[in-house]
Amino acid sequence: MRSNLFDASNQERQTTDRWALQSNKMLRCSLTPQSPEIISSAGAMVAYQGQMDFSYQGSGGGMKLLKKMATGEGGNMMRTRGHGEIFYARQANEIFLIQLEGEALTLNTKNMLAFDSSIQWDIKSLGGAGFMAGGLFNLFLQGQGMVAVTSDGPPMLLDCSQQPTFVDPQAAVCWSANLQPQIKNDFKMGSLIGRGSGESFQLGFHGPGFVVVQPSEGMPVTAAS
């Protein structure tokens, strides 16, 4: 049987790295019984080899549970342990890896693919106005470990330290945790009737840090009936 499907570029990448990009749109993770478990977005697993055990990632109780119940965020996460290789992807989005070494990162929940269970996480909200902008609830990650983030197209990194930076909430992928984005409304309330424009609200960033922007606004926000 002959086909370019069998080219070396399409075969599983052989590496001893725990986290490695099989391609720019597929992530390969290696698991052993001694390694930290992986927390991933539910439905992100596309294949695995070996023995894997999947379980629902609970909130851990307390305020996390209340936040998950109130917002629905963080509720679609899975915890995986086992021995072998597991592959993650999401709608052919581009994937990039971020190594946290004690730092913190704020991440748009819809752009979270997977992260080490050694990393602490919490759900953050930008306040009541977030509901009008499509639900501005984000994932706060801090600690030691790897984070895999998706971007719907090649991402752009913006430096927020030189001047105010404004980003469509649906296009913001992640940003420095020390930045506290402010919700900015450029439209009158009357212009929102029957519209779901992402330009109605922006996230304003200003200070030492960065924000990653994807070249897509994702699914449009629809007005409530």
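Residues numbered from 1 in each chain as written. Predicted model: local features only at pLDDT ≥ 70, side-chain atom pairs only at ≥ 80, totals over all residues. Heavy atoms only, no water.

Its place among the elements puts N138 in strand 9 (residues 137–151). As for N138 and T109, which are separated by 29 residues in sequence, their C-alpha atoms are 5.4 Å apart. (Helix = DSSP H or I, 4+ residues; strand = E, 2+ residues; numbered from the N terminus.)

Core analysis: the biggest nonpolar cluster contains 18 residues, and L107, F115, W121, L139, L141 and V147 have the highest contact counts within it. Looking at this core, the elements that each hand over two or more residues are strand 6 (94–108), strand 7 (112–116), strand 8 (120–125), strand 9 and strand 12 (172–176). When residues no more than four places from it in sequence are discounted, the contact partners of V147 are F96, L97, I98, L100, L107, A114, F115, I119 and L141. Of all hydrophobic cores here, the second largest spans 14 residues; its members include L27, I38, Y88 and M146. (Core = buried A, V, L, I, M, F, W, Y, C linked by side-chain atoms within 4.5 Å. Buried < 20%, exposed > 50% of the residue type's maximum accessible area, 1.4 Å probe, protein only. Contact = heavy atoms within 4.5 Å.)

Positive phi values are uncommon outside glycine, yet Q91 reaches one of about 50 degrees. Within the secondary structure, Q91 sits in the loop between strand 5 (77–88) and strand 6. Judged by relative accessible area, which is 72%, Q91 ranks as exposed. Positive phi, close to 60 degrees, is recorded for A92, a residue that is not glycine. For A92, the position within the fold is in the loop between strand 5 and strand 6. Judged by relative accessible area, which is 49%, A92 ranks as partly exposed.

Quick look at the packing of aromatic side chains now. Under the definition given, this model contains two aromatic pairs. Geometry around F140 places K124 over its ring, the cationic atom sitting 5.2 Å from the centre. Directly above the aromatic system of F166 lies the positively charged group of K184, at a separation of 5.3 Å from the ring centroid. (Phe/Tyr/Trp six-rings, centres within 6.5 Å; stacked < 30°, edge-to-face > 60°. Lys NZ or Arg CZ within 6 Å of the ring centre and 35° of its normal.)

One open sheet holds the three strands; their spatial order is 11-14-13, and the pairing between them is antiparallel. Each of the sheet's edge strands pairs with one partner strand only, and the pair in question is strand 11 (165–167) and strand 13 (182–185). Along the sheet, successive strands turn relative to each other by an average axial angle of 40 degrees, direction set aside. For strand 11 and strand 14 (residues 201–205), the ladder comprises three bridges, and the chain directions are antiparallel. Bridge pairing in strand 14 places F166 opposite G204. (Pairing = 2+ DSSP bridges. Axes fitted to C-alpha atoms, helices over the stretch in contact; angles between N-to-C directions.)

The share of residues in the protein with pLDDT of 70 or more is 78%, and the mean pLDDT across the chain is 83. The low-confidence segment residues 128–134 (pLDDT under 50) makes 14 contacts with residues lying over four places distant or belonging to another chain. Note on residues 221–225: pLDDT is under 50 here. Beyond four places in sequence and across chains, it has six contacts. (pLDDT = per-residue confidence, 0-100.)

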